[in-house]
Amino acid sequence: ELEVEGRRGRTLFDEEAERKLLERGALDLVEVEEEAGKGPAAPPGPGDGGGSEQLEVSEPAAIDMKRFTLAEYVLDFGNVIKGHQLQREFKVTNVGFSQVSFEFPKPLKAVMAQAGFTVEPDKVQRLPGAPDFETAEFAVAFNSARQGVSLGPVDLCVPLQTRSGPPVKIYLRANVTIPDVDVSSDSLKFGSVFVGHMRSIYIQLSNPKEIPATWSFGQALQGEGGSWKPCDEFTTIPSRGTLNPGESCNVQVVFHPRNAKNFSAKIPLKVSQNAAKRNIRINASSDALRIRFDPPVLEMRPILPFVEESDCTVTMHNVTNARIEVYSVDFDDQYLQEEEILGRVEGIYSPQMIGYSDVALLPLRQPEAPLQDAVLREWE
């Protein structure tokens, strides 16, 4: 807040200020006389025509108080978010001996309003000085939503004009801004990922502004048939946060497909109190681990019971680019044992291991490899 008060050292009209103003006025008077070709008055000497002539004494020139500035003060609103309105108060105390009156004239109020400032009250009449030293309170409001107020610094000099005295200049300042974040990359390409696997890409968010920025990612949207539909195959970790000025953070974007398809998606990015719409564009595809049987259907020849066996040969083809391990969920003993272990181990389902959509994240298991070390440690 701005305080315009004090006693003998900080006064609007004290003896020291008056003395300086009078001295300045006397100097101005001498300069005016010299410009007119007049010198200092001298007493008449002998032969000057006798002592009957009267000396002409010029009137002292009036002091133009508007040429002086008694003091300067700053009322700083700091950083103001575009669209917000703030109010600051300051006090003016008459620490002199005479009553003072001052006002904000209408032309000045119009200039202030154009810059977004309003002040109340706009005038004070006969504010008493000693011995009461009364105080007048002012409220200045800054409306950044006003038409004509643009982003950036606002600096306005407002003279507080006193009647028959020099003005006090008040500088009204504000910095109009909006919170925002910079994104290291707004277009991500995941390539092809198998169903049941995941792939991550990291992006970095940074705050280039002078104020904190609160950001959040919305649900991913998949483009289908000219419209956008919710998509559960993409997750951001973390999904929200706040960055102080100059800070940065890394965000993990995870692609975890559930079906084999192509994806052209976007993840909305929202910054609080910023109307701009931003999206992280994503291109990705997924494929399933697939095998093909030849022939696709086995036709066994008829046989009599308990006489002989009937067999038929089938060829299995791996139609993907990855190694595949095949087993029978009905007859494979290892599979049944591993399923029992996974059902009893609780540590891998702790909140620390759950990455997204209630799915436990485990290292990729290669074909013919045993269960992951994290699972075996929990089992033991």
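The following refers to the structure shown. (Residues numbered from 1 in each chain as written. Predicted model: local features only at pLDDT ≥ 70, side-chain atom pairs only at ≥ 80, totals over all residues. Heavy atoms only, no water.)

1. Comments concerning helix H2 (residues 106-114)
So, step 1. All buried positions along H2 are accounted for by Leu 108, Met 112 and Ala 113. Here the buried residues of H2 occupy an arc of 140° about the axis, which is enough to place them on one side. Along H2, exposed side chains directed more than 90 degrees from the buried face belong to Lys 106, Pro 107 and Gln 114.
So, step 2. Where H2 ends, the next residue or the one after it, Gly 116, has phi of about 100°, a positive value. (Buried < 20%, exposed > 50% of the residue type's maximum accessible area, 1.4 Å probe, protein only. Helix = DSSP H or I, 4+ residues; strand = E, 2+ residues; numbered from the N terminus. Arc of directions from axis to C-beta.)

2. Some thoughts on the sheet that holds strand S12 (residues 199-206)
So, step 1. Spatial strand order, S10-S12-S18-S16: four strands in an open sheet with antiparallel pairing. If you trace the sheet from one side to the other, it starts and ends with strand S10 (182-183) and strand S16 (234-237), each paired once.
So, step 2. In the sheet, S16 pairs with strand S18 (residues 248-255) via four bridges, with the strands oriented antiparallel. Within the sheet, the bridge partner assigned to Thr 236 lies in S18 and is Val 253. (Pairing = 2+ DSSP bridges.)

3. Let's talk about helix H3 (residues 333-344)
So, step 1. Across its 12 residues, H3 extends 17 Å between first and last C-alpha, which sits within 8% of the 16 Å expected from 1.5 Å per residue.
So, step 2. Taken together, the buried positions of H3 are occupied by Tyr 335, Glu 338 and Ile 341. Mapping the buried residues of H3 onto a view down its axis gives an arc of 125°, with all of them on the same face. In this structure, H3 carries Asp 333, Gly 343 and Arg 344 as exposed residues pointing more than 90 degrees from its buried face.
So, step 3. Its buried side turned inward, H3 meets helix H4 (373-379).
So, step 4. The distance from a side-chain oxygen at the start of H3 to the backbone nitrogen of Gln 334 is 3.2 Å, and the residue carrying that oxygen is Asp 332. (Expected span 1.5 Å × (residues − 1). Contact = heavy atoms within 4.5 Å. Polar contact = N/O pair within 3.5 Å; in protein donor to acceptor, adjacent residues only side chain to side chain.)

4. Some words on the side chain of Ser 101
So, step 1. With respect to the helices and strands, Ser 101 occurs in strand S4 (residues 100-103).
So, step 2. A residue is classified by how much of its surface remains accessible, and Ser 101, at 8% relative accessible area, is buried.
So, step 3. Only 2.7 Å separates the side chain of Ser 101 from the backbone nitrogen of Arg 126, close enough to count as a polar contact.
So, step 4. With residues near it in sequence (within four places) discarded, Ser 101 still touches Val 124, Gln 125, Arg 126, Gln 161, Thr 162 and Arg 163.

5. Quick look at the sheet that holds strand S6 (residues 123-127)
Neighbouring strands of a sheet are bound in pairs by backbone hydrogen bonds; such pairs are parallel or else antiparallel.
So, step 1. The strand order across the open sheet built from five strands is S2-S9-S8-S4-S6, with neighbouring strands paired in mixed fashion. Each edge of the open sheet carries a strand with a single partner, namely strand S2 (71-81) and S6. Mean inter-strand twist for the sheet, computed between neighbouring axes without regard to direction, equals 20°.
So, step 2. By the bridge criterion, nine bridges tie S2 to strand S9 (residues 168-177) in an arrangement that is parallel. Looking at the pairing, Leu 75 lines up with Leu 172 of S9.
So, step 3. Strands strand S8 (152-162) and S9 of the sheet are contacted by H2, whose axis makes an angle of about 165° with S8. (Axes fitted to C-alpha atoms, helices over the stretch in contact; angles between N-to-C directions.)

6. A few points about the pattern of salt bridges
So, step 1. Following the criterion strictly, the structure yields eight salt bridges and no others.
So, step 2. We note a salt bridge from Asp 155 to Arg 173, for which the minimum N-O separation is 3.2 Å. Of this pair, Asp 155 sits in strand S8 while Arg 173 sits in strand S9; the two residues are 18 residues apart in sequence, bridging distant segments of the chain.
So, step 3. Residue class for Arg 173 comes out partly exposed when judged on its relative accessible area of 33%. (Salt bridge = Lys/Arg side-chain N within 4 Å of Asp/Glu carboxyl O.)

No statement about biological role is implied by the geometric values presented.
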